[in-house]
Amino acid sequence: MIRTAGILADRAIGALFDGGRLKSEAPLDHDQIQPASLDLRLGSKALRVRASFMPGREHTVADKLARLTLHEIDLEPGAVLETGCVYIVPLMESLDLPDDLSASCNPKSSTGRLDIFTRVMVDHAQEFDKIPAGYKGQLYLEISPRTFPVIVRRGSRLSQIRFRTGQALLSEADVVALHEAETLVASENPNVSGGGIALSIDLKGTGPDGLIGYRGKHHTSVVDVDRKAVLDVLDFWEPLYSRGRDDLILDPDEFYILVSREAVHVPPLYAAEMTPYDPLVGEFRVHYAGFFDPGFGHAPSGGSGSRAVLEVRSHEVPFILEHGQIVGRLVFEHMQERPQALYGSGLGSNYQAQGLKLSKHFRG
């Protein structure tokens, strides 16, 4: 059965290409279509700009780039993007959406875990990462590495897009009922409010040393975003241990990789997303990369519940996180139909059945 309102699954995303609603400069990569999203690929050039910007209702992205571009970088052979700089990259994919189909974007998991700040924008946009129904035109990716300089090239995949028709979001009552039937998070007393189900932080630690997370180092060498399992963890990360206190002081402008206390389960007929930073929970931002695909943590797909790895950054002041503190919420949406392939089931998904885990670029 196909729902009239819901997130498009892999089969329907492929049909968008077949029908000319999605276009690309090159044939799709064999693994580019995910269960509930499409990976977006960088084009052949990056434009270093003076500052981040929003096109606004009256302007195209090209209008603003003509005024703000400092220089152009050829991405064909690969190029280093420096920390603290802002780059705009036209993507290989473009859209010709029907009037009943909208989209939203998010960084890929590995992008967030490298502290690469990315967001998609389109012509005449007044919001980042939101693409209105009926949009026709180019997609652009803003990229700003925050902790590590990175090497990217034409075809690198840093962001992903989801397509939806109608109102697909589950109500709080629906989330409660779905949790009772499917166990969305491994919690005896789930906290459901604000439209989502809460995740809390694990600061007890794992393993004999009580590892609780990692803090990014400064002045490191570069990370090639397309090379897996080649980097030494200790060249880029400082491991953090519990030391029996079950809390952690977040230093301003430092980047942390931590993990949720609860295992997460996304049933096959649903997709989930971590809601954006909420200033009511404290002076920090959690989870840059928010999409959870159908089948994440699903036992038949090799998950048996997978904990959410959290990218955490404090803001203006030091902030103390304590074990069990709520740090974010998962909202759930209906899929239009069950995906042909679930997350983790033969897709080479990097983070199924995960605990505390760095991005795929690091060994071990």
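Everything discussed here concerns the structure shown above.
Here the structure is a predicted model, which is why all the values come from computation and not from measurement.

Asker: Before we go on, may I ask you to explain the overall build of the chain in this structure?
Answerer: What the chain contains, in helices and strands, is 5 helices and 26 strands. Its C-alpha atoms give the chain a radius of gyration of 20 Å, within 12% of the compact-globule value 21 Å for 364 residues. Taken along its principal axes, the extent of the C-alpha atoms in the chain is 55 × 50 × 35 Å. Here the chain holds 364 residues, and 57% of them are scored as buried. Nonlocal contacts in the chain, meaning residues at least 24 apart in sequence, comprise 81% of its contacts between residues at least 6 apart. Of the roughly 15,300 Å² of accessible surface on the chain, 48% is carried by carbon and sulfur atoms.

Asker: Quick question: what am I supposed to make of the environment of Phe117 here?
Answerer: Topologically, Phe117 is positioned in strand 9 (residues 116-121). The exposure class assigned to Phe117 is buried, which follows from its relative accessible area of 18%. Sequence separation between Phe117 and Ser144 is 27 residues, and the spatial gap between their C-alpha atoms is 5.1 Å.

Asker: Can you walk me through helix 2 (residues 61-68) in this structure?
Answerer: In an α-helix, one turn spans 3.6 residues; hence positions three or four apart end up facing the same way. All of the buried residues in helix 2 are Val61, Lys64, Leu65 and Leu68. One side of helix 2 holds all its buried residues, which, seen down the axis, span an arc of 105 degrees. Within helix 2, the exposed residues directed more than 90 degrees away from the buried face are Ala66 and Arg67. Buried residues belonging to helix 2 abut strand 4 (45-49), strand 5 (69-74), strand 7 (86-96), strand 9 and strand 11 (136-145).

Asker: Explanation requested: the sheet that holds strand 17 (residues 223-224) in the structure shown.
Answerer: Sheets are built from strands paired through backbone hydrogen bonds, the pairs being either parallel or antiparallel. The sheet built from 3 strands is open, its strands ordered 6-12-17 with mixed pairing. Each edge of the sheet is formed by a strand with only one pairing partner; in this case those strands are strand 6 (79-81) and strand 17. Pairing between strand 12 (residues 150-152) and strand 17: 2 bridges, direction parallel. Bridge pairing in strand 17 places Ile151 opposite Asp224.

Asker: For this particular structure, what's the right way to read the pattern of salt bridges?
Answerer: Between side chains of opposite charge, a pair can form when the charged atoms approach closely. With the rule as written, the count across this model stands at 24 salt bridges. Glu333 is the partner of Arg164 in a salt bridge, and the nearest nitrogen-oxygen pair spans 2.8 Å. A residue pair is termed long-range when its members are at least 10 positions apart, and Arg164 in strand 13 (residues 157-165) and Glu333 in strand 26 (residues 326-334) qualify at 169 residues. The two residues Arg164 and Glu333 agree in class, both being buried. A salt bridge links Asp251 to Arg215; its shortest N-O distance comes to 3.5 Å. In this pair, Asp251 sits in the loop between strand 19 (247-250) and strand 20 (255-264) while Arg215 sits in strand 16 (residues 211-216), placing the two residues 36 residues apart along the sequence.

Asker: For this particular structure, what's the right way to read the packing of aromatic side chains?
Answerer: Aromatic ring pairs are defined here through the distance separating the ring centres and the angle between the ring planes. Going through the model one piece at a time under the given rule, you end up with 7 aromatic pairs. On the basis of an interplanar angle of 85 degrees and a centroid distance of 5.4 Å, the ring pair of Phe148 and Phe236 is categorised as edge-to-face. Here Phe148, found in the loop between strand 11 and strand 12, pairs with Phe236, found in helix 5 (residues 233-236); they are 88 residues apart in sequence, far enough to count as distant. Looking at Phe148, the relative accessible area reads 0%, which means it is buried.

Asker: What's the story with helix 4 (residues 172-182) in this structure? I'm lost.
Answerer: Among all positions in helix 4, only Val175, Leu178 and His179 are buried. Across the axial projection of helix 4, the buried residues extend over an arc of 105 degrees, all falling on one side. Projecting away from the buried face of helix 4 at angles above 90 degrees are the exposed residues Ala173, Glu180 and Ala181. In this structure, the buried side of helix 4 is in contact with strand 14 (192-193), strand 15 (196-200) and strand 21 (270-274). Following helix 4 by one or two positions, Thr183 has its phi on the positive side, about 55 degrees.

Asker: Sorry, what's going on with the environment of Ile212 here?
Answerer: Structurally, Ile212 can be placed in strand 16. On the accessibility criterion, Ile212 (2% relative accessible area) is buried. Along the chain, Ile212 and Arg157 lie 55 residues apart, while their C-alpha atoms are 29 Å from each other. In this structure Ile212 touches Asp202, Leu203, Lys204, Gly205, Leu240, Tyr241, Ser242, Leu248, Ile257, Leu258 and Leu356, once residues within four positions along its chain are discounted.

Asker: Can you help me understand the nonpolar core in this one?
Answerer: One recurring pattern in soluble globular proteins: nonpolar side chains tend to sit buried together. Grouped together as the largest cluster of nonpolar side chains are 54 residues, with contacts concentrated most on Leu42, Leu95, Ile131, Ile161, Phe163 and Trp237. Ile201, Leu240, Val286 and Leu321 belong to the second largest nonpolar core, which has 32 residues in total.

Asker: What should I look at first to understand the sheet that holds strand 15 in this one?
Answerer: The strand order across the open sheet formed by 5 strands is 14-15-26-21-23, and the pairing between neighbours is antiparallel. Every other strand in the sheet has two partners, leaving strand 14 and strand 23 (291-292) as the edge strands with one partner each.

Asker: Help me understand the pairing of strand 3 (residues 38-41) in this model?
Answerer: Along any regular strand, the residues point their side chains to alternate faces of the sheet. Alternating residues of strand 3 divide into Leu38 and Leu40 and Asp39 and Arg41, and every residue in both groups is buried. Taken together, the 4 bridges between strand 3 and strand 13 define a ladder with antiparallel strand orientation. Bridge assignment links Leu38 to a residue of strand 13, and that residue is Ile161.

Thresholds applied
- Residues numbered from 1 in each chain as written.
- Predicted model: local features only at pLDDT ≥ 70, side-chain atom pairs only at ≥ 80, totals over all residues.
- Heavy atoms only, no water.
- Helix = DSSP H or I, 4+ residues; strand = E, 2+ residues; numbered from the N terminus.
- Rg over C-alpha atoms; globule rule 2.2 N^0.38 Å.
- Buried < 20%, exposed > 50% of the residue type's maximum accessible area, 1.4 Å probe, protein only.
- Contact = heavy atoms within 4.5 Å.
- Areas by Shrake-Rupley, 256 points an atom, 1.4 Å probe, with all protein chains shown as cover.
- Arc of directions from axis to C-beta.
- Pairing = 2+ DSSP bridges.
- Salt bridge = Lys/Arg side-chain N within 4 Å of Asp/Glu carboxyl O.
- Phe/Tyr/Trp six-rings, centres within 6.5 Å; stacked < 30°, edge-to-face > 60°.
- Core = buried A, V, L, I, M, F, W, Y, C linked by side-chain atoms within 4.5 Å.

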